[in-house]
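# An overview of the molecular structure
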Amino acid sequence: MIQVLTGKFFTTDELHVTPQRGILHTNYALHGAIETAVGVLKSVDDVFGQRPLHLVYEFEQRVEAVRRDGTKEFMIGVGVDQILVDMAAILSFELEITCSPNPDLVARLARPTSGPRSSAPSSFVPRVFEPEVRWQPSDADRLRLFIDDIVGLERDRFESVMRAIHRYVTALRRLDDDPSMAYALLVAAVESLAQKYDDHTTEWKDVLDERRATIDKALSSIEPKSADRVRRAILEHEHVALGRRFQAFVVDHIPVSFYRGDAVGRISPVPADLLPFAVRRAYGLRSSAVHTLSGLPDPLGFMSPLSDYVFAEGRATLTVAGLARVARAVLKEFVARSPKVDFEDVEYQKRMGNIVAAQLAPTLWVWRPEGYGHQSAYRYLSGFLDQLAAALKEPGQSVTDLSLVLDEIKKQIKGVSPEQRRPMLALYMIYCSVLSPELVPEDWLAVAEQHLEVFSEPSIEALLTATLTALEVPGPVDSLVEAFNSYLERRHRPKALRLPPLFDAAVALELAEAYRMSGDDEAARRLISQAVELYPGVQPLLSLEMLGPLPVIQWRDHLGLPDQSKVEPSESEESDAGDSANEGD
């Protein structure tokens, strides 16, 4: 979000400009002001020695007034919350301080230590959590240069770096309650970049020794060229040597200054020959903390020394302070090396803070014929079914008038494949069946009968239509159940048909009734139990599951639906939001 303030994504000079200001709370005693590419930081007078201290952050929020398609942009700005959070993270990371929009957080973290073995965060890392960090004349240039570098990144890298910085800052703050998780999060901050940008090529030697030996033994009896092809095939799908990749990325991104000027004044700075082993050890401790909830080995867990490393359990191990120093150096070096751009064509509006992407209610788009086609047929069917489920559960609820969409289905249904016709025919038949006859086309039955052959094979569309209409689906019940289970496995895929839970249970109960009528009560009970789990918490359905001899299964009754014969359509809701509503989200 904060990168948008630079204007590097703009393609027009017509802008909405909103001056904004926010308060940040900190332990940093700034004198004067610091101007940056994304606004100005100003100090606030220290009144009566109150803590935490405060900074005023002033900036201009700018948004293009004209969209790329030439239409006017209705959004003139967003709230300051995310911008303040981003700036607080950047200040905390670069200046090695504590800064947050939350004053209570700063007061808790930057508290004085109570003794030589205190568990306060300041016992784990130097400077960051001191009650007061004094301003230095070099701070302004240091901060300006870092912000210039970070906002100059390509958008994808900028977002990756900001996630890593936020993770780094969060990690240090977790020292107050869970040092082992803080340690793991410091590793994760760097690992997020290592896995995305390390350009690592996995080799056979990277496979775990035990696994590699077992495979090599199995391949020893076949021709070497064939064995190599098998190894390459394994490597294409093998996530191996994550620890080695992490180690290599860190070592490669350690700047030369790490062992020189940056090491001056440090307690036991880690030497270059030990760093690779200590980094690999840090990755192992991270895995133990995440997967087995193991704590840090002594003396790291309670009061970690402020030296860079210690020998714990006989192995060179980065302390919290040492790992924080390494992670910070790697992140800064990654930013410094990454390419910078002055302009990038990015649709930044969706990435601005305080904006939530939400799916539009079907009322706003399901009636629009221009958005209908074989590629959107499942989406329209799902949207209508959501409305129908609500109308069946609550009398008085209505569904949207789909008259224009029905006309579009009649035009398109003849020119598509049988598989593409199924959702079209399902929507057409269900809509016309649940509404009063005077509200639907007089010839709808004749139109539907011309295409009923697409329901001759078991499918979820045929099962759903049979459940909600008078249609009978041919085929043995076992085949119908197989089609239903296949739908349940596929429904969470992108663009797949997803029924409301009410209709999942309704189809299951229809199949249960088919088994009951055939005399297979055991199979019927399995489907009743499946319906209970697909549509939890419905008392009549729970009662059905507990009954002895099974009664006739009427899905409407056993799903607790009120009596009503037909639903009513409502007027379609045209609005300004409808300009993009035919996309359904």
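See the structure above.
Notes on the structure in this doc start here. (Residues numbered from 1 in each chain as written. Predicted model: local features only at pLDDT ≥ 70, side-chain atom pairs only at ≥ 80, totals over all residues. Heavy atoms only, no water.)

### Quick look at unusual backbone geometry
- Phi at Ser 268 takes a positive value of approximately 50°, unusual for a residue other than glycine.
- By secondary structure assignment, the location of Ser 268 is in the loop between α8 (242-252) and α9 (275-291).
- We classify Ser 268 as partly exposed; its relative accessible area is 39%.
- The phi torsion at Leu 293 lies on the positive side, around 55°, for a residue other than glycine.
- Residue position: Leu 293 is located in the loop between α9 and β8 (309-312).
- Here Leu 293 falls in the exposed class, since its relative accessible area comes to 70%. (Helix = DSSP H or I, 4+ residues; strand = E, 2+ residues; numbered from the N terminus. Buried < 20%, exposed > 50% of the residue type's maximum accessible area, 1.4 Å probe, protein only.)

### Focus: the nonpolar core
- The biggest cluster of nonpolar side chains holds 98 residues, and the ones touching the most others in it are Leu 24, Tyr 57, Leu 91 and Tyr 168.
- Of the residues forming this core, the biggest block, eleven residues, is contributed by helix α10 (residues 320-337).
- Residues within four places of Leu 91 in sequence aside, it is in contact with Leu 24, Leu 41, Leu 55, Glu 96, Ile 97, Cys 99 and Leu 143. (Core = buried A, V, L, I, M, F, W, Y, C linked by side-chain atoms within 4.5 Å. Contact = heavy atoms within 4.5 Å.)

### Quick look at helix α3 (residues 139-151)
- The terminal C-alpha atoms of α3, which comprises 13 residues, lie 18 Å apart, in line with the 18 Å expected from a rise of 1.5 Å per residue.
- Buried within α3 are the following residues: Asp 139, Ala 140, Leu 143, Phe 146, Ile 147, Ile 150 and Val 151. Looking down the long axis of α3, one finds its buried residues gathered within 140° of arc, a one-sided arrangement. (Expected span 1.5 Å × (residues − 1). Arc of directions from axis to C-beta.)

### Quick notes on the packing of α8 against α9
- Closest axis-to-axis distance for the α8/α9 pair is 9 Å, and the angle between their directions is 135°. Here α8 is positioned oblique relative to α9, judged by the angle of their axes. Crossing handedness for the pair α8 and α9: right-handed. Contact residues: Leu 242, Gly 243, Arg 244, Phe 246, Gln 247, Val 250 and Val 251 in α8; Pro 276, Phe 277, Val 279, Arg 280 and Tyr 283 in α9.
- Of the residues contributing to the contact of α8 with α9, the split by class is eight nonpolar, two polar and two charged. (Axes fitted to C-alpha atoms, helices over the stretch in contact; angles between N-to-C directions. Parallel < 35°, antiparallel > 145°, perpendicular 65-115°, else oblique. Left-handed = near helix turned anticlockwise from the far one by under 90°. Nonpolar A, V, L, I, M, F, W, Y, C, P; charged D, E, K, R; others polar.)

### Observations concerning the packing of helix α1 (residues 81-95) against α3
- Across the interface, α1 lies against α3 with an axial gap of 10 Å and an inter-helix angle of 120°. Relative to α3, α1 is oriented oblique. Pair α1 / α3 crosses with right-handed handedness. Contacts between α1 and α3 involve Met 87, Ile 90, Leu 91, Phe 93, Glu 94 and Leu 95 on the former and, on the latter, Asp 139, Arg 142, Leu 143, Phe 146 and Ile 147.
- Residues belonging to the contact of α1 with α3 are distributed by class as follows: eight nonpolar, no polar and three charged.

### Overview of the packing of aromatic side chains
- Applying the stated criterion to the full structure yields 14 aromatic pairs.
- Each ring, one from Tyr 57 and one from Phe 59, has its centre 4.8 Å from the other, and the planes form 35°; the classification is tilted.
- Given a relative accessible area of 0%, Tyr 57 falls into the buried group.
- A connected cluster of aromatic rings, assembled from ring pairs, spans Phe 9, Phe 10 and Tyr 348.
- If you follow Arg 325 out to its NZ or CZ, it ends over the ring of Phe 258, 3.8 Å from the centre. (Phe/Tyr/Trp six-rings, centres within 6.5 Å; stacked < 30°, edge-to-face > 60°. Lys NZ or Arg CZ within 6 Å of the ring centre and 35° of its normal.)

### Focus on the environment of Val 320
- Looking at the element boundaries, Val 320 is found in helix α10.
- Sequence separation between Val 320 and Ser 180 is 140 residues, and the spatial gap between their C-alpha atoms is 9.2 Å.

### Notes on the sheet that holds strand β6 (residues 99-100)
- Spatially, five strands are ordered β3-β4-β5-β1-β6 in an open sheet, and the strand pairing comes out antiparallel. Across the chains shown, the open sheet's two edge strands, defined by having one partner strand only, are β3 (33-36) and β6.
- Where strand β4 (residues 39-43) and strand β5 (residues 53-64) come together, four bridges link them in antiparallel fashion. Looking across to β5, one finds that Val 40 is bridged to Glu 58.
- Running over the sheet, α1 touches β1 (15-26), β4, β5 and β6 and is turned about 50° from β1. (Pairing = 2+ DSSP bridges.)

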